[in-house]
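Now for the letters of each chain:
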Amino acid sequence: MPFTAPSWVPELPPIPDSISVETFMFDESYGRTALSKSKAPFTDGASGKTYSALEVKKRVDHLSRALSKELGFKPDSGSEWDKVVACFSLNTIDYLTLAWAVHRLGGLLTCVNAAYNADELEYQLKDSGAKAIFTCLPLLQTTMTASKKVGINKDKVFLMDMDKSFTGGAKNPGHKTLDEFVQAGAGLPSFEPADKKWGPGEGTTRIAFLCYSSGTSGLPKGVMIAHSNVIANTIQICNHESQDRADMKKKLGVSEYTEYALGLLPLSHIYGLVVVSHSRLYRGDGVIVLPKYDFKQLLQVIQDFKIVMLYLVPPMIIHLTKSREIVKQYDLSSVRACFTGAAPLGKETAEDLLSIFPTWAVRQGYGLTETCTVVCMTMTHDIWFGSSGSLLAGYTARVIDPDGKEITEYNVPGELCVKSPSVVPGYLRNQKANDETFVQFDDGRYMKTGDEVIVAKSPQGYEHITITDRIKELIKTKGHQVAPAELEAHLLTHPAVNDVVVIGVPSEREGEVPKAFVVKAPGSIEESDALLRRDIMKYVEKHKTDYKRLRGGVEFIDVVPKSPSGKILRRLMRDKEREKMKK
Ligand code: 4UV
């Protein structure tokens, strides 16, 4: 029998499958908390600038009219692949205004990691077939370099509006801005949103977002996230947390309860996009947006806006626990829960945090871009440090051994495979990765997560999933994905590198960091190892974004261990390295 959600989780309501994310978020008939009773969806943490939910709805409408005129996108013709817009921006209060306006036109938004350099941005623009880009002033130069290379004209590069405290005094050299589009759109004719013409089930195949993930191996791939995937996970998260919300209402003696959540994590990543934004906004909560991680500003914003729900990644929690003296200077008493995901949160760190903030619920979630985020999460009434909590309703999970045999016992590790309405249709133009990742079991299509887990009962008596290891190639540093294959391909272009393998090595602050094991090219033997090591590290620094640097170092080896078929035995390297680090 596969594993499912425990009995305390309410049954999953039906998932609308013929509407867009935008319709789902604004139409009250789909269960969203009434707009008028909501908090303003997004508020700029620096300037306090905000729009009510009704204003956001109007902005989406006006922006879509203006974009239709500017880009020639027609809501009633063409597929989403003819209407791809890229967003390469730090968080702003209009990130989702843009996404939903594109959805209204029947287009899709490809979300680009704002930490990317021009080469990395170029790869995603080309691969996704983006026709236009929205960026922000701090990233404009990078955008112009990449857009030129893929043939996107300067007049199709637009700017998100951003508080001047984040733009470093830079001036807009003449690009149209999102605000200008909204103003222009008010005077243009309205149209019916694209999904009005969709038939039953069309929301399961129409793509809303194209995010990038390296999956279980290889280079970053476009993950095609359907409208119904976002809708499903939003409903699944809210369903899972409904008891918590009911408890808050009871405690406060109120019939309506909404709260502020922290919007610091990148909205371009699935965690920010679905867990932090769509799921909160669906409940009528407000998100306080911060474009950058500045520790003191973060504490100030929590205090000023009386934020109740923190969304962080483990390195930020470690920062909190190591800064007791600074933290004490702020009033953080509004916080009731601190939620983390994207990488493991150690039991010791969770305990440390609780010792500073004994009233906080320290919660953890586990999920992937390919599951449109959450698979399981711990809840206030069922916290077990180290575990990632119970499956959401709508999920079935199977744990398999390396031969594919199912494991049904508790505490026996195996690879987690999951089925859910939130599991995506697949990767863009990549049959091989799709065949390897999405597999058929007797009861339907499952995703092989590439994560090793155990299932066990929590002290409260509910089935929990604990991530015990990573089987796939992925390296997670500060919550960001690093694909070893990408760094290896790059390092092989260095003249002194004959062969190479990259693995993740543990780091206290960052979770993991990439380390390269290099086989030197014959001609490079003369060069001193120290010089060459530095040169190789610089070679990555120059061409890749900061978090992909070889912070774990470079080590020279004689030969990269490979299987008879030529596959790198990465796990062998990793196990050896772990043994070495133990000594
Ligand atoms: O595709 P991705 O970059 O996706 C994520 C998703 C993060 C979140 C955040 C909050 C949640 O509630 C949630 O459910 C998911 O990072 O990377 C997916 C891989 O990241 C590792 C694991 O290897 C996934 O396959 N990962 C994600 N969450 C955890 C984790 C976790 N809690 N513990 C250990 N590893």
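Note that residues are indexed from 1 along each chain, following the sequence as it is written. In view of the model being predicted, local features appear only for residues whose pLDDT reaches at least 70, and side-chain atom pairs are presented and counted only at 80 or more, with totals across whole chains, interfaces and linings using the full set of residues. Neither water nor hydrogens contribute to the side-chain values; these are computed over all heavy atoms in the structure.

A closer look at the overall build of the protein
(1) Moving on: Every helix listed is a DSSP run of H or I at least four residues long, and every strand listed is a run of E at least two residues long, numbered separately from the N terminus. Within the protein, the secondary structure is distributed over 17 helices and 26 strands.
(2) Moving on: For 583 residues, the compact-globule estimate of 2.2 N^0.38 gives 25 Å, and the C-alpha radius of gyration of the protein, at 24 Å, lies within 12% of that figure.
(3) Moving on: Its C-alpha atoms give the protein principal-axis dimensions of about 70 × 60 × 55 Å.
(4) Moving on: To sort residues, take the accessible area from a 1.4 Å probe on protein chains only and compare it with the maximum for the residue type: under 20% means buried, over 50% means exposed, and anything in between is partly exposed. Within the protein, the proportion of its 583 residues that are buried is 60%.
(5) Moving on: A separation of at least 24 residues holds for 71% of the contacts in the protein among residues at least 6 apart in sequence. We compute the radius of gyration from the C-alpha atoms alone; for a globule the expected value is 2.2 Å times N to the 0.38, where N is the number of residues. By definition in these notes, contact holds between two residues if any of their heavy atoms fall within 4.5 Å.

What about the packing of aromatic side chains?
(1) Moving on: Between rings of Phe, Tyr and Trp, where Trp is taken as its six-membered ring, a pair exists when centres lie within 6.5 Å; planes separated by under 30 degrees are stacked, by over 60 edge-to-face, and by other angles tilted. Tallying each qualifying case throughout the model produces 12 aromatic pairs.
(2) Moving on: With a centroid separation of 6.3 Å and an interplanar angle of 70 degrees, the aromatic rings of Trp8 and Tyr462 are classed as edge-to-face. Of this pair, Trp8 sits in the segment before helix H1 (21-26) while Tyr462 sits in the loop between strand S20 (444-457) and strand S21 (463-470), placing them 454 residues apart in sequence.
(3) Moving on: Here the aromatic rings of Phe26 and Trp100 are separated by 5.2 Å at their centres, their planes lie at 85 degrees, and the arrangement is edge-to-face. One end of the pair, Phe26, is in helix H1; the other, Trp100, is in helix H3 (residues 95-104), with 74 residues separating them in the sequence.
(4) Moving on: One aromatic cluster in this structure is built from Phe134, Phe158 and Phe181.
(5) Moving on: Counting as a charge over the ring demands two things of the Lys NZ or Arg CZ atom: a distance within 6 Å of the ring centre and an angle within 35 degrees of the ring normal. One Lys or Arg, Arg59, reaches over the ring of Tyr51 and ends 4.0 Å from the middle of that ring.
(6) Moving on: The ring of Tyr427 has Lys221 sitting right over it, with the charged end atom 5.6 Å from the ring centre.

Comments concerning the site of the ligand
(1) Moving on: One heavy atom within 4 Å of a molecule or strand is enough for the residue carrying it to be called near that molecule or strand. Residues in contact with the ligand amount to 23 residues; listed here are only the nearest, Gly365, Thr369, Asp451, Lys472 and Lys476.
(2) Moving on: Pairs of N or O atoms within 3.5 Å make up the polar contacts considered here, provided that, within protein, one atom can donate a hydrogen while the other can accept it, and that residues adjacent in sequence are counted only when both atoms are side-chain atoms. Taking Ala342, its main chain carries an N or O atom lying 3.1 Å from a nitrogen atom of the ligand.
(3) Moving on: Contact distances for the ligand include 2.8 Å between an oxygen atom and a backbone N or O atom of Tyr366.
(4) Moving on: To be clear on the numbers: accessible area is Shrake-Rupley with a 1.4 Å probe, and residue cover counts the displayed protein chains and nothing else. Burial of the ligand by the protein amounts to 99% of the accessible area it has alone, namely 670 Å².
(5) Moving on: For the shell around the ligand, the secondary-structure elements that each account for two or more residues are helix H9 (270-282), strand S12 (361-368), strand S13 (373-377) and S21.
(6) Moving on: If one sorts the elements of the shell around the ligand by residue count, S12 sits on top with five residues.
(7) Moving on: Broken down by class, the residue content of the shell around the ligand amounts to 10 nonpolar, nine polar and four charged. The nonpolar class holds Ala, Val, Leu, Ile, Met, Phe, Trp, Tyr, Cys and Pro. Asp, Glu, Lys and Arg form the charged class, and all remaining residues, Gly among them, are polar.

Observations concerning the pattern of salt bridges
(1) Moving on: Salt bridges are defined by distance alone: a side-chain nitrogen of Lys or Arg within 4 Å of a carboxyl oxygen of Asp or Glu. Across all of its chains, the model carries 53 salt bridges by this definition.
(2) Moving on: Here Glu259 ties to Arg245 by a salt bridge, and the two come within 3.4 Å at their closest N and O atoms. Taken as a pair, Glu259 in the loop between helix H8 (242-252) and strand S8 (260-263) and Arg245 in helix H8 lie far apart in primary sequence, 14 residues in all. Each member of the pair, Glu259 together with Arg245, is buried.
(3) Moving on: Glu541 serves as the salt-bridge partner of Arg549, at 3.9 Å between the closest nitrogen and oxygen.
(4) Moving on: Note on Arg549: relative accessible area 28%, which makes it partly exposed.
(5) Moving on: Under the relative-accessibility criterion, Glu541 is labelled partly exposed at 33%.
(6) Moving on: Each of the salt bridges in this network shares a partner with another, and the network as a whole consists of Asp244, Arg245, Glu259, Arg280, Asp285 and Arg336.

What to know about the pairing of strand S15 (residues 396-400)
(1) Moving on: By the criterion of burial, S15 is predominantly enclosed, with five of the five residues buried.
(2) Moving on: Both faces of S15 are covered, namely the face carrying Thr396, Arg398 and Ile400 and the face carrying Ala397 and Val399.
(3) Moving on: Here, any two strands with at least 2 DSSP bridges between them count as paired. The sheet contact formed by S15 and strand S17 (residues 414-419) spans five bridges and is antiparallel. Its bridge partner being in S17, Ala397 is matched across the sheet by Val418.
(4) Moving on: Once S15 ends, the chain turns through five residues before running back antiparallel as strand S16 (residues 406-407), passing Gly404 with a positive phi of about 85 degrees.

Brief notes about the environment of Gln481
(1) Moving on: With respect to the helices, strands and loops of the structure, Gln481 is situated in strand S23 (residues 480-482).
(2) Moving on: Taking the C-alpha atoms as reference, Gln481 lies 32 Å from Ser64; in sequence the two are 417 residues apart.
(3) Moving on: In this structure, Gln481 is in contact with Tyr212, Ser213, Ser214, Thr369, Leu474, Ile475, Lys476 and Tyr547, ignoring residues within four places of it in sequence.
(4) Moving on: At a separation of 3.2 Å, a polar atom in the side chain of Gln481 contacts the side chain of Ser213.
(5) Moving on: Reaching out from Gln481, the side chain makes a polar contact with the backbone nitrogen of Ser214 at a distance of 2.9 Å.

Re the sheet that holds strand S18 (residues 426-427)
(1) Moving on: Here we have seven strands laid out as an open sheet, ordered S5-S4-S2-S3-S6-S7-S18, and mixed in their pairing. Looking at which strands have only one partner, the edges of the open sheet turn out to be strand S5 (157-159) and S18.
(2) Moving on: Note on method: axes are straight lines fitted to C-alpha atoms, helices fitted across the in-contact stretch only, with angles between N-to-C directions ranging 0 to 180 degrees. In the packing of helix H5 (residues 140-150) onto the sheet, the strands contacted are strand S2 (84-88), strand S4 (132-135) and S5, and the crossing angle to S5 comes to about 165 degrees.

Remember that the coordinates give geometry; whether it matters functionally is a separate question.
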